[in-house]
Amino acid sequence: MENEPTSGGCGSGCGCHQDPGDRGDATRRNLLKAAGVTLGAAAFAKALAPLATWSRDNLSVDDFLQQHYRELDKEQLAAVLKHLEEDTKKNYGADVTISDHRPQKGVKFGYALNLSICIGCRRCAEACHHENNHDRATNNSYIRVLEMQKGSMDMEHGNAHYDHPVPHPDKFYMPVQCQQCDNPPCVHVCPVEATWKEDDGIVVVDYNWCIGCRYCEAACPYHARRFNWTKPVIPKEEINPKQSYLSNRIRPQGVMEKCTFCLHRTREGKMPACLEACPTGARVFGNLLDPDSEIRKVIDNKRVFVLKEELGTKPSFFYFFDE
Amino acid sequence: MFFGVIAVIALWFVGALALPWVQRERDRPGRAFSDKAIGETLHPVAIRKPEGVALVDSGKKNAKGQPVMVACATCHDTRESNFKTNQGEALKEFHQGLQFRHGSQTCLSCHNAEDYNSLKKADGQALDFSQSMQLCSQCHGPQYRDYQNGSHGGMTGHWDLKQGPRERNTCTDCHDPHHPKYPLVMPVFPPKPVIGEAILPVDKSHSH
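Residues numbered from 1 in each chain as written. Chains lettered and ligands numbered in written order. Predicted model: local features only at pLDDT ≥ 70, side-chain atom pairs only at ≥ 80, totals over all residues.

Student: I tried to follow the environment of Cys136(B) on my own but got confused; where do I start?
Tutor: Residues and elements named next belong to chain B. Along the chain, Cys136 falls in helix 4 (residues 132-137). With 19 C-beta atoms counted inside 10 Å, the residue Cys136 sits in the partly exposed group. Between the C-alpha atom of Cys136 and that of Lys121, which follows or precedes it by 15 residues, the distance is 9.2 Å. (Helix = DSSP H or I, 4+ residues; strand = E, 2+ residues; numbered from the N terminus. Buried ≥ 20, exposed ≤ 12 C-beta atoms within 10 Å, placed from the backbone.)

Student: Even after reading the chapter, I still don't get the nonpolar core, so can you show me in this structure?
Tutor: Within soluble globular proteins, side chains that are nonpolar tend to cluster in buried spots. Grouped together as the largest cluster of nonpolar side chains are 67 residues, with contacts concentrated most on Ala112(A), Cys124(A), Cys128(A) and Cys274(A). Setting aside anything within four residues of it in sequence, one finds Cys128(A) in contact with Ser141(A), Tyr142(A), Ile143(A), Ala273(A) and Cys274(A). (Core = buried A, V, L, I, M, F, W, Y, C linked by C-beta atoms within 7 Å. Contact = placed C-beta atoms within 7 Å.)

Student: Even after reading the chapter, I still don't get the interface of chain A and chain B, so can you show me in this structure?
Tutor: Buried accessible area, meaning the area lost when the parts come together, often serves as the stated size of an interface. Contact with chain A, which involves 53 residues of that partner, is made by 41 residues of chain B. Elements with a minimum of two residues in the side of chain A that touches chain B: helix 3 (74-92), helix 4 (123-131), strand 3 (144-149), strand 10 (283-287) and helix 9 (294-301) of chain A. By residue number, the principal contributor to the side of chain A that touches chain B is helix 4 of chain A, which donates four residues.

Student: Mind showing me how you'd approach the confidence of the model for chain B here?
Tutor: In low-pLDDT regions, the fine details of the predicted coordinates are not to be read closely. All names here are of chain B. Model confidence for chain B is summarised by a mean pLDDT of 82, while 85% of its residues fall at 70 or above. Throughout residues 204-208 the model reports pLDDT below 50, and contacts reaching past four residues in sequence, or to other chains, amount to three contacts. Predicted complex metrics record ipTM = 0.79 and pTM = 0.81. (pLDDT = per-residue confidence, 0-100.)

Student: Please clarify how the pairing of strand 2 (residues 55-61) of chain B should be interpreted in this entry.
Tutor: On a regular strand, one side chain projects to one face of the sheet and the next to the other, so that they alternate. Residue and element names in this part refer to chain B. Little of strand 2 sits inside the fold, with zero of its seven residues counted as buried. Two elements, strand 2 and strand 3 (residues 67-71), share four bridges in a ladder whose sense is antiparallel. Residue pairing across strands places Asp57 opposite Met69, the latter belonging to strand 3. With antiparallel pairing between neighbouring strands as the criterion, strand 2 and strand 3 make up a hairpin whose turn holds five residues, including Gly65 at a positive phi of roughly 85 degrees. (Pairing = 2+ DSSP bridges.)

Student: I would appreciate a short explanation of the sheet that holds strand 10 of chain A in the present structure.
Tutor: Think of a sheet as strands paired side by side through backbone hydrogen bonds, with each pair either parallel or antiparallel. Residue and element names in this part refer to chain A. The mixed open sheet is built from three strands, whose spatial order is 10-2-11. Two strands bound the open sheet, and with one partner strand each, they are strand 10 and strand 11 (317-320). Sheet twist, expressed as the mean angle between neighbouring strand axes with direction ignored, is 20 degrees. As defined by bridge partners, strand 2 (residues 109-114) adjoins strand 10 across five bridges and the pair is classed as antiparallel. Bridge pairing in strand 10 links Tyr111 to Phe285. Seen against the sheet, helix 9 touches strand 2, strand 10 and strand 11 and runs at an angle of roughly 110 degrees to strand 10. (Axes fitted to C-alpha atoms, helices over the stretch in contact; angles between N-to-C directions.)

Student: What is the right way to read helix 4 of chain A from this model?
Tutor: Two residues of an α-helix separated by three or four positions point the same way, owing to the 3.6 residues in each turn. Residue and element names in this part refer to chain A. Most of helix 4 is tucked away: seven of the nine residues are buried. Restricting attention to buried positions, one finds in helix 4 the residues Arg123, Cys124, Ala125, Ala127, Cys128, His129 and Glu131. The inward-facing, buried residues of helix 4 abut strand 3, strand 4 (171-176) and helix 8 (273-277). Downstream of helix 4 by a residue or two, Asn133 has a phi angle that is positive, lying close to 55 degrees.

Student: Teacher, can you tell me more about unusual backbone geometry here?
Tutor: Generally, phi is negative for residues other than glycine and the peptide bonds are trans, each holding for most cases. Note that the residue after Val166(A), namely Pro167(A), is joined by a cis bond; omega there is -5 degrees. Structurally, Pro167(A) can be placed in the loop between strand 3 and strand 4. Backbone geometry at His223(A) places phi at a positive 50 degrees, although glycine is not the residue there. With 16 C-beta atoms packed within 10 Å, His223(A) lands in the partly exposed category. Of note in this structure, Phe189(B) is not a glycine but carries a positive phi near 55 degrees.

Printed below as a string of structure tokens:
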């Protein structure tokens, strides 16, 4: 075999002992090659076909090639925001403004909740649902209000599906949402860095970068992350038009989402929607770095605790009872 | 000499490559802080004012069919005060439907027998109805302290008073002064189970 000529033939090892000068045979070989290439291309296209139907509706080349949020420069981000606004108009018929809210210098957000005052009315969960443009059919909300037996402190035994006048005398009520951990397990497990902690303490998700693997959902000990199983359905007139890239813009199907302490409000100095909705004033929100803030007064003077402290997640969300 | 030239050229290359990268780094959203200028002046915190003098429905209608409301002093100015009364039912007129569940207080613990259009503090001083928080705080010190520290009572507006004002509820927005315990309510917005979630039967034994 080693001594056989290879130029113009099928190459060594193919087994066809042809004379290199045979012209008719060369044409047949070209034909075979062309057929092979065509078949190969067809098989490749067929293999990729499910990907095309499986990906999001109308996923444009721009969407597909979009960089990670933190890699975008100003012009690129402006183009992305404009494009997202147009998409919302096209898919939902609503005119919305999608902004990019950045952290304020010298601010780290903290939240505290007075369990002696909370009556379990779930108005916070409802306010979250509307503020953050959640899917209407699933009653999705970033807040889960747990009915707890007095004397018990294990949130895993809380019941979110109570349906009787509240507060029940033997129970207390514990709303649980993202705890904005300083050591967030959800961030550590993300294989593509689609979720990270920002300078004011908020853990955010780039919905356009998330691959929907749900590792973060599994990692979160507070069950605070939600998955968009379907494309959110919201009537046009109910959409909150004031939106932000990292918070309440309508999420695509197949990505994770979470509470952002309403960063589109709080980074403008406003209270989160759940706090404003609370009829009893059980919620306290503010800047942990400001020693005169309401949240600092709570932490300095009340016996606050965090959920599942033993896990070392270092939450920025505190609970307390009145003495 | 030769290596010196090479080193200069290499440095120039590295610099030329790094400079735009450093410049771009600055306006990447993931790193930059908000560039919004925030002033130092603080916006006000407004406390919702309770209504002034309470008016009572006389049970009669005027020519337009609207209920005729009367002020407390309309009747009380000419009547003897009874300092022992502590239930609405004990009175012959008007106050029958009034539920009173507020400790061992009597009506005139808070209402001013000298002037029924005002309230009365523990030291006997008259107090306008719009200032009722002062009256409540005489007994409910811890709640008043927490209120002042921002951890009691609902509010709306801004956490950052440099960026905007805040509005706070007053005591009587949530607590009826005659039966101040917050009433039972039906919870709104029942959650729907998410995929894979098993709903435990309500009130399953808590014997863990």
